[in-house]
Number of protein chains: 2
Amino acid sequence: MRYMGLLETYKAYLPVGEATPMITLHEGNTPLIRAEKLSEQLGLNLYFKYEGLNPTGSFKDRGMVMAVAKAMEEGSRTIMCASTGNTSAAAAAYAARGGLNCIVLIPNNNIALGKMAQAMIYGAKVIAIEGNFDRALEIVREITAKHPITLVNSVNPYRIEGQKTAAFEVCEQLGAAPDYLAIPVGNAGNISAYWKGFKQYYEAGKVDKLPKMIGFEAEGAMAIVKGEPILEPETVATAIRIGNPASWKTAVEASQQSEGQINYVTDEQILSAYQLLAASEGVFAEPASAASLAGVIKLHQEGYFQGGESVVCVLTGNGLKDPNIAIKTAAVEPLVVPDTEEAVMDAIRKLEG
Amino acid sequence: MRYMGLLETYKAYLPVGEATPMITLHEGNTPLIRAEKLSEQLGLNLYFKYEGLNPTGSFKDRGMVMAVAKAMEEGSRTIMCASTGNTSAAAAAYAARGGLNCIVLIPNNNIALGKMAQAMIYGAKVIAIEGNFDRALEIVREITAKHPITLVNSVNPYRIEGQKTAAFEVCEQLGAAPDYLAIPVGNAGNISAYWKGFKQYYEAGKVDKLPKMIGFEAEGAMAIVKGEPILEPETVATAIRIGNPASWKTAVEASQQSEGQINYVTDEQILSAYQLLAASEGVFAEPASAASLAGVIKLHQEGYFQGGESVVCVLTGNGLKDPNIAIKTAAVEPLVVPDTEEAVMDAIRKLEG
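As the structure is a computational prediction, the values presented were derived from the model and not from experiment.

A. Expanded view of the UniProt feature "binding site: pyridoxal 5'-phosphate" (unreviewed entry) in chain A. Residue and element names in this part refer to chain A. UniProt records the feature "binding site: pyridoxal 5'-phosphate" (unreviewed entry) for N86, G186, N187, A188, G189, N190 and T316 in the present numbering. Residue position: G186 is located in the loop between strand 7 (180-184) and helix 9 (189-203). Topologically, T316 is positioned in the loop between strand 10 (310-315) and helix 14 (323-330). Given the relative accessible area of 6%, T316 is considered buried. If we skip the residues at most four places from it in the chain, T316 touches E51, G52, G57, S58, F59, P184, N190, E286, A288 and S289.

Below, the structure written as structure tokens:
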């Protein structure tokens, strides 16, 4: 009855052996929430795979539990990554869980400390370099190539292995593969991982079809859509602000093999979907997450869907990760009134307009 | 296979009838995480019931789904509460889900807008009164007594009904009731709800014993421990900063009937447990949550436990709810170094001591 975490649940499909420590923070097992109002409005069977309810608040926990378990199996005492966001939080949490040291390298330019709060409370050691993010990643690669320190950035192949389990869960929760899997595309590892997971379940006879993979980049960071790296990517959806995706090739393969597509959405469309998700369906996800729903709305307007198809939108992270965007987006000062019943009732009538 | 939410899962134990709308954001089904290092250090079988992975990040979702479903069943179009924290977030999310209006009343004195960001993004209408929190609650009670607006503060009896389901889950996850249930005590509704749930499962023959209930107030707000209301409660654990608990009587009953106790912990003990949880076990909870672990450590030091007992600590909310406390607590500025492999390796060696 008790859920034992990803490694235990999916060990038959993961590089888990007898020597692999079965660490867990009960990552995975995240809700598949039906979109009640939007399903009706769009004429689809729309669902949200809400990855914000992973232990550190993003889908990165799936890949990190696998990467850290393998680091421990290999005898590593320290893991390392370059990250200013979700990756560092996940790395720090699983390092704490497994009793490893965690080193996080960040550029020393205007990183808000709030972004690093999570990694720091989990006990990661944060080092800021006098250089940019790309240089930080370069140094991480140099150091981990020479020293007994394990690289846990997305080039670590175990990350994708852990991440593919989200596709398994979608199939089990729906009782079938969906017709479409809509997903934000930044570094492009997640779309690659889902596709790998769907194919694996298909080959194992667990499902009898494959979904069309539809991925969405942010307009200001749409390297794959444009077909060239973006030197200075810019978007409100910081978690997908990536100009040269590490998993570019496998992401394109996923979209082509599945007869899906990689498309883009604007910041305006992202923020509009972000607000709609919370105010209409009661689901609070980080802005980058909303790229999947924004993309589905865009394709719906273009007549892409027939109607009635099952569509799963991946919501990659928890809205609590970025409260400032929520404040800016909701952006209404509370109405201030005297402390009488009448004054408050007047205000309620006004608000209900 | 697919989890369908609290109302569906536990309908046999809840005031759910044919006319009750089975709304859900997939609240509940939260992890029971074994404390690996602390179990060994304390000589206990220690677990965390991590309620921070509820959809709005706190245990309040359990009671709110029930309260909002009943409001809908009764034909209400609007719900209302006085709250500056977790209650308003939960109310706003379920109102959005159920298509109701949500009015949140707050005092107009120094409320950080960040605290209200969640309620606002879910679409709640926030009204600030020129008066304090008690006055806000008074006005909510007056208005909801006269108008067709449903009160969803903790005096709404359906809240406790929904909340008791956490006890059911603990029993199922452990395969038995634990020896001890350790829990933060603020308004004292949660300890009352767990006790009700454990008794109900015991009477139904689902478990063959009852746990001892051990509740912990914050020292600066220990009304029950002192036996009198605290006029100006003060503690870093804002979610339990309550001077006159609404469920005082039932909380005392729970501790007495179960042969447990209601005790207190200092802010220092809370913050120390808060940091230990994250850095040692990889679990990030809001400060009030850590009162349960702080209390267990305190009682352990006093020789309260025999050794080997199963103890479940309830962690009521997600650490992401209050990132500022994390920043203050972790409070180490990152080390800044030149962007060379050597400089970074020197820094790593220094950090690893």
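Next comes the rest of the write-up.
B. The arrangement of the interface of chain B and chain A in detail. Taken together, the 84 residues of chain B in the interface contact 83 residues of chain A. For the pair chain B and chain A, the two sides together bury roughly 7100 Å², of which 65% comes from carbon and sulfur. Three residues, R97(B), I121(B) and E341(B), lead the burial of chain B against chain A; their summed loss comes to 11% of the area buried on that side. At the boundary of chain B and chain A, one finds eight salt bridges. Among the ionic pairs, R97(A) bridges to E36(B), the shortest N-O distance being 3.8 Å.

C. Looking closely at the sheet that holds strand 4 (residues 101-107) of chain B. An order of 11(A)-5(B)-4(B)-3(B)-6(B) is seen for the five strands of this open sheet, with the pairing classed as parallel. The sheet is open, and its two borders are formed by strand 11 (335-337) of chain A together with strand 6 (150-151) of chain B, each paired with just one other strand. Docked against the sheet, helix 15 (residues 341-352) of chain A engages strand 11 of chain A together with strand 3 (78-82), strand 4 and strand 5 (125-129) of chain B, running at close to 155° with respect to strand 5 of chain B.

D. Representation of the relation of the copies chain B and chain A. Structural alignment of chain B on chain A gives an RMSD of 0.0 Å, achieved by rotating through 180° and translating 0.0 Å along the axis. Considering both components of the superposition, the chain copies are consistent with a two-fold axis. A share of 99% of interface residues in chain B that are also interface residues in chain A marks the association as one of identical surfaces.

E. Up close: helix 6 (residues 133-146) of chain A. Look at helix 6 of chain A: 20 Å from first C-alpha to last across 14 residues, which is about the 20 Å you get at 1.5 Å a residue. Looking at helix 6 of chain A, one finds that the buried residues are R135(A), A136(A), I139(A), V140(A), I143(A) and T144(A). All buried residues of helix 6 of chain A fall inside an arc of 160° around its axis, so they share one side. Exposed and oriented more than 90 degrees from the buried face of helix 6 of chain A are D134(A) and A145(A). At its buried positions, helix 6 of chain A is contacted by strand 3 (78-82), strand 4 (101-107), strand 5 (125-129) and strand 6 (150-151) of chain A together with helix 15 (341-351) of chain B. Of the residues flanking the start of helix 6 of chain A, the one acting as N-cap is N132(A), its side-chain oxygen 3.3 Å from the backbone nitrogen of D134(A).

F. Here's a closer look at the domain arrangement of chain A. All names here are of chain A. In terms of domains, chain A is made up of domain 1 (6-58 + 157-329) and domain 2 (59-151). Overall, the association of domain 1 and domain 2 removes approximately 2500 Å² of surface from exposure, summing both partners, and the carbon and sulfur fraction of that is 59%. When the area that domain 1 buries against domain 2 is broken down by residue, the three leading residues are I23, Y158 and R159, summing to 27%. Counting every contact that joins domain 1 to domain 2 gives two salt bridges. For the pair domain 1 and domain 2, the interface holds 16 residue pairs in polar contact (both at pLDDT 80 or more). If you list the elements that add at least two residues to the side of domain 1 that touches domain 2, you get helix 1 (6-9), helix 7 (157-163) and helix 8 (165-174). The element contributing the most residues to the side of domain 1 that touches domain 2 is helix 7, with five residues. Grouping the amino acids of the side of domain 1 that touches domain 2 by side-chain chemistry returns 13 nonpolar, 15 polar and eight charged.

G. Quick look at the pairing of strand 7 of chain A. Residues and elements named next belong to chain A. Counting buried positions over the five residues of strand 7 gives five, a clear majority of the element. Burial along strand 7 is two-sided: the face carrying Y180, A182 and P184 and the face carrying L181 and I183 are both buried. Direction of pairing for strand 7 relative to strand 8 (residues 212-218): parallel, over a ladder of five bridges. Bridge pairing in strand 8 links Y180 to K212. For the segment spanning strand 7, helix 9 and strand 8, crossover handedness is right-handed. Across three bridges, the pairing between strand 7 and strand 10 is parallel. Within the sheet, the bridge partner assigned to A182 lies in strand 10 and is C313.

Scoring rules and cut-offs
Residues numbered from 1 in each chain as written. Chains lettered and ligands numbered in written order. Predicted model: local features only at pLDDT ≥ 70, side-chain atom pairs only at ≥ 80, totals over all residues. Heavy atoms only, no water. UniProt positions renumbered as here; feature names shortened; annotations may be inferred. Helix = DSSP H or I, 4+ residues; strand = E, 2+ residues; numbered from the N terminus. Buried < 20%, exposed > 50% of the residue type's maximum accessible area, 1.4 Å probe, protein only. Contact = heavy atoms within 4.5 Å. Buried area = accessible area lost by both parts, 1.4 Å probe. Salt bridge = Lys/Arg side-chain N within 4 Å of Asp/Glu carboxyl O. Pairing = 2+ DSSP bridges. Axes fitted to C-alpha atoms, helices over the stretch in contact; angles between N-to-C directions. Least-squares fit on C-alpha atoms with pLDDT ≥ 70 in both. Expected span 1.5 Å × (residues − 1). Arc of directions from axis to C-beta. Polar contact = N/O pair within 3.5 Å; in protein donor to acceptor, adjacent residues only side chain to side chain. Domains from an automatic or database assignment. Nonpolar A, V, L, I, M, F, W, Y, C, P; charged D, E, K, R; others polar. Right-handed = clockwise from strand over helix to strand, strands pointing away.

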